[in-house]
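Coordinates in review
What follows is each chain in one-letter form.
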Amino acid sequence: MQKSISGRYDCGTCYFKMDIICATLLEQKINHHSHPHQLDRMPWPIVSGCVACGNKHEGVFFQCTTCPRFLINLECALLPTKLLIQNHTDGTFTHSHPLTLAYSFPNSEYEAKYYPKCRVCGGIFYSHLWIYKCDKCLYYAHVDCATSKREPFMSIFQTASLGKTYKNFKEDEHPNLLHCPFHDEGDNLLKRYMSNQHELIGDSKQHEGEMLTHASHQHPLVLFDKQTPAGVSLHDPMKRIQLLCDGCVKPIMTVPFYVCCQYDDEQYCFVLHEWCAKLPAEVQEYVGHPEHTLFLLPKIPSKFFGVFECAVCELPSNGFSYGCTICKFYVDINCAFIPKEITHDAHPNHLLSIVKPSDTQSEEYCKACGYWMHRRNLVFHCPSCNFNIHVECALLLPRVIKHKCDKHPLNLRYEPAENHISEYFCEICEDELIPWKWFYHCTICAQSMHAACVPLILQCEQNTYAKNRKCVYKFLNVKFGGTLEIKDHSHRLAFVQGLESDGECIKCRDRLQYKMIFKCLECEYALHFKCASRYACDQAH
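These notes cover the structure that comes with them. (Residues numbered from 1 in each chain as written. Predicted model: local features only at pLDDT ≥ 70, side-chain atom pairs only at ≥ 80, totals over all residues. Heavy atoms only, no water.)

**Things to note about the side chain of Thr89**
Among the secondary structure elements, Thr89 is positioned in the loop between helix 3 (85-88) and strand 11 (99-102). Of note is the side chain of Thr89, whose polar atom sits 2.9 Å from the backbone oxygen of Ile85. (Helix = DSSP H or I, 4+ residues; strand = E, 2+ residues; numbered from the N terminus. Polar contact = N/O pair within 3.5 Å; in protein donor to acceptor, adjacent residues only side chain to side chain.)

**Quick look at the sheet that holds strand 35 (residues 516-520)**
Across the sheet, which stays open at both edges, the four strands sit in the order 33-34-35-36 with antiparallel pairing between neighbours. Each edge of the open sheet carries a strand with a single partner, namely strand 33 (483-484) and strand 36 (526-528). For strand 34 (residues 493-497) and strand 35, the ladder comprises five bridges, and the chain directions are antiparallel. Each bridged residue has a counterpart across the sheet, and for Gln497 the counterpart in strand 35 is Met516. (Pairing = 2+ DSSP bridges.)

**Notes on the packing of aromatic side chains**
This structure, assessed with the given rule, holds 25 aromatic pairs. Residues Tyr414 and Trp438 carry aromatic rings whose centres are separated by 4.7 Å and whose planes lie at 65° to one another, so their mutual orientation is edge-to-face. Linking Tyr414 in the loop between strand 30 (406-413) and strand 31 (439-442) with Trp438 in the loop between strand 30 and strand 31, this pair joins segments that are 24 residues apart in sequence. What makes Tyr414 partly exposed here is its relative accessible area of 25%. Residue class for Trp438 comes out buried when judged on its relative accessible area of 4%. Ring centres 5.9 Å apart and planes at 15° place the aromatic pair Phe518 and Phe529 in the stacked group. With Phe518 in strand 35 and Phe529 in helix 9 (residues 529-540), this pair connects stretches of sequence that are 11 residues apart. Within the aromatic cluster, the residues linked to one another by ring pairs are Phe304, Phe305, Tyr473, Phe475, Phe480, Phe495, Phe518 and Phe529. Lys470 extends its terminal NZ or CZ atom over the ring of Tyr371, reaching a point 5.0 Å from the ring centre. (Phe/Tyr/Trp six-rings, centres within 6.5 Å; stacked < 30°, edge-to-face > 60°. Buried < 20%, exposed > 50% of the residue type's maximum accessible area, 1.4 Å probe, protein only. Lys NZ or Arg CZ within 6 Å of the ring centre and 35° of its normal.)

**Observations regarding the sheet that holds strand 9 (residues 71-73)**
Whenever strands of a sheet pair, they do so through backbone hydrogen bonds, lying parallel or antiparallel. Across the sheet, which stays open at both edges, the four strands sit in the order 4-5-8-9 with antiparallel pairing between neighbours. Only two strands of the sheet have a single neighbouring strand rather than two, namely strand 4 (29-30) and strand 9. Sheet analysis places strand 8 (residues 61-64) next to strand 9, joined by three bridges and oriented antiparallel. Across the sheet, the residue bridging to Gln63 is Leu71, located in strand 9.

**Some details on the pattern of salt bridges**
Within this structure, the stated rule accounts for 12 salt bridges. Connected through salt bridges with shared partners, the residues Glu109, Lys133 and Asp135 form a single ionic network. (Salt bridge = Lys/Arg side-chain N within 4 Å of Asp/Glu carboxyl O.)

**What to know about the nonpolar core**
If you look at the biggest cluster of nonpolar residues, it comprises 159 residues, and the most contacted ones within it are Tyr286, Val331, Ile338, Phe380, Ile389 and Leu395. Ignoring sequence-local partners within four residues, the contact set of Val331 consists of Tyr286, Leu294, Phe308, Cys310, Ala311, Val312, Ser321, Tyr322 and Ala336. (Core = buried A, V, L, I, M, F, W, Y, C linked by side-chain atoms within 4.5 Å. Contact = heavy atoms within 4.5 Å.)

Remember, this is a structural readout, not a statement about activity or role.
Here's what the structure looks like:
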């Protein structure tokens, strides 16, 4: 055989051709960094599993004569020690740093990195198989995923919903399509919905100082559309000022809004967004309960202190609701106007449809918080990509949020941040943070916070929410405040969230931390919300 100009070896007699790699490997043994012994090329092609990638291959293999079960196929033996994934996946997957080839992923390291999944296929890793990784950015991929060797390649990102996606809908066919997440805390679903109705916010003929009688409150409400009233400050996390609407329990960050004309307590005055004062009286053919009309209920009469659990997001709320009293079906006013379709930055270019989990054939866990959703009433789902997300994770986590712990705006992240060398922990609760669940991050300060901890602008120093691992703060739809009077205690009890320092419930002796509680601000008397509810019921009888 002679070497041709093209670099191949050719036999002029029988037209047998061989490339330079195969021609030289015929006479070659190799020393590979993955194994302590020399490897021999097997004399003929075989079908066998590969210890490098774990897949079955047909072709040329190298074998260790000392360890005969050690077999790696030719392609894996020639894998580069470093690669840019975008060069091997046609740009479908990108990363700014070269990935390094590693010959194992030890269980201790896998656990320390919070059990990451492959950035290409979303699958798990096995300790004995090779991977490509960037430890600095917690970026890991199977070797065959990183080099496009898994066939068919297109199925990788379509099934796992990772990598670059291409738009599967036309914008002009969805003129009112909701694009999530909302920009900040001042933007929300209810505001968007009401602004699209015939009576637009801002088209109102009411003016500064005019009165409104609303069924939700015993006193007239005063409209403020130019400036805030004396003694009332707009919601400002940087100054640790909280002002929540009594209707939607969302921050009031701008005028116009309504205030009770007889407010005398800055910590608990009755206030409403302008749009919350104009809600429709009923919702017909609601997607989660189409059989009956839902009616607006400022307070549910049968619920103690007005607190109920929303049938869609499953969060407790003491704001307004829409409900069916026949079926005892209640949703908070934000969940009452859920659109049938949205898009989300976490899964760009694809429509997410509102469905019941039982109607899907996909793996039923939320991409945001990792919790299962098979018992949920409604979720958002991408039918082509196996992408699922809770309603509250999609609609209640804004793109940007502010907190006093960092002077910069915090951005919502869906995966670990690039170039983040230090360990992840929450600046608020000081507990560990798993970067595979959505979280807020400041790239300038390299600071991270649990998505559920960020709303705690009033009690952030007391480590009130460290044990809950969901992305949405459990009491996001609860406006704490107000007092309760009971017969066997001389002081009124304040409605607050339990802290570690509150100790145990005076009735059941369970801990009060992380719970809704009533406590006396003058002595150490405190009890759970549920215990107070039962106690009040017993008193009534």
